[in-house]
Amino acid sequence: VSIIRQLIGRGVRVDIADYNGWTALHHAAASSSLSAQSALATAKVLVEELGASVVMKDATAQTPYDVGASQAVRGYLLPKQLQQET
């Protein structure tokens, strides 16, 4: 989480997508190398503090919720996604 804050502080844009259309939030949500708690904390920082989009779709039309690896992250993202989509 501190590394993300440092990068954003240096001007890195939070919703820039990679070649697959994945944003930092897609990567955090899908990460299997982070514990569920760390992935959730990272997702919360990206969304609540840095304004990451929860509805941004990748090259295969999947949102961060769709690629979420843990129930904790998916449970956090789903209501936020539904709120923005309605």
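From a predicted model like this one, the values you see are computed outputs, not experimental measurements. (Residues numbered from 1 in each chain as written. Predicted model: local features only at pLDDT ≥ 70, side-chain atom pairs only at ≥ 80, totals over all residues. Heavy atoms only, no water.)

(A) Quick peek at the nonpolar core. The biggest cluster of nonpolar side chains holds 15 residues, and the ones touching the most others in it are Leu-25, Leu-46, Val-47, Val-73, Tyr-76 and Leu-77. Among the elements that take part in this core, helix H3 (residues 36-49) stands out by supplying five residues, more than any other. If sequence neighbours within four positions are ignored, Val-47 has contacts with Leu-25, Ala-52, Val-54, Tyr-76, Leu-77 and Lys-80. (Core = buried A, V, L, I, M, F, W, Y, C linked by side-chain atoms within 4.5 Å. Buried < 20%, exposed > 50% of the residue type's maximum accessible area, 1.4 Å probe, protein only. Helix = DSSP H or I, 4+ residues; strand = E, 2+ residues; numbered from the N terminus. Contact = heavy atoms within 4.5 Å.)

(B) Region of interest: H3. With 14 residues, H3 ought to run about 20 Å at 1.5 Å a step, and its terminal C-alpha atoms sit 19 Å apart, in line with that. Buried positions along H3 lie against helix H1 (2-9), helix H2 (24-30) and helix H5 (71-85). Gly-51, located one to two residues past H3, shows a positive phi value of around 75°. (Expected span 1.5 Å × (residues − 1).)

(C) The packing of aromatic side chains, seen in detail. For the structure shown, the criterion picks out zero aromatic pairs. The side chain of Arg-74 reaches across the aromatic face of Tyr-65, ending 4.1 Å from its centre. (Phe/Tyr/Trp six-rings, centres within 6.5 Å; stacked < 30°, edge-to-face > 60°. Lys NZ or Arg CZ within 6 Å of the ring centre and 35° of its normal.)

(D) The environment of Gly-68, seen in detail. By the secondary structure assignment, Gly-68 is in the loop between helix H4 (64-67) and H5. The exposure class of Gly-68 is buried, given its relative accessible area of 15%. Considering only alpha carbons, one finds Gly-68 and Ala-28, 40 residues apart in sequence, at a separation of 8.2 Å. Other than its neighbours up to four places away in sequence, Gly-68 contacts Ala-29, Ala-30 and Arg-74.

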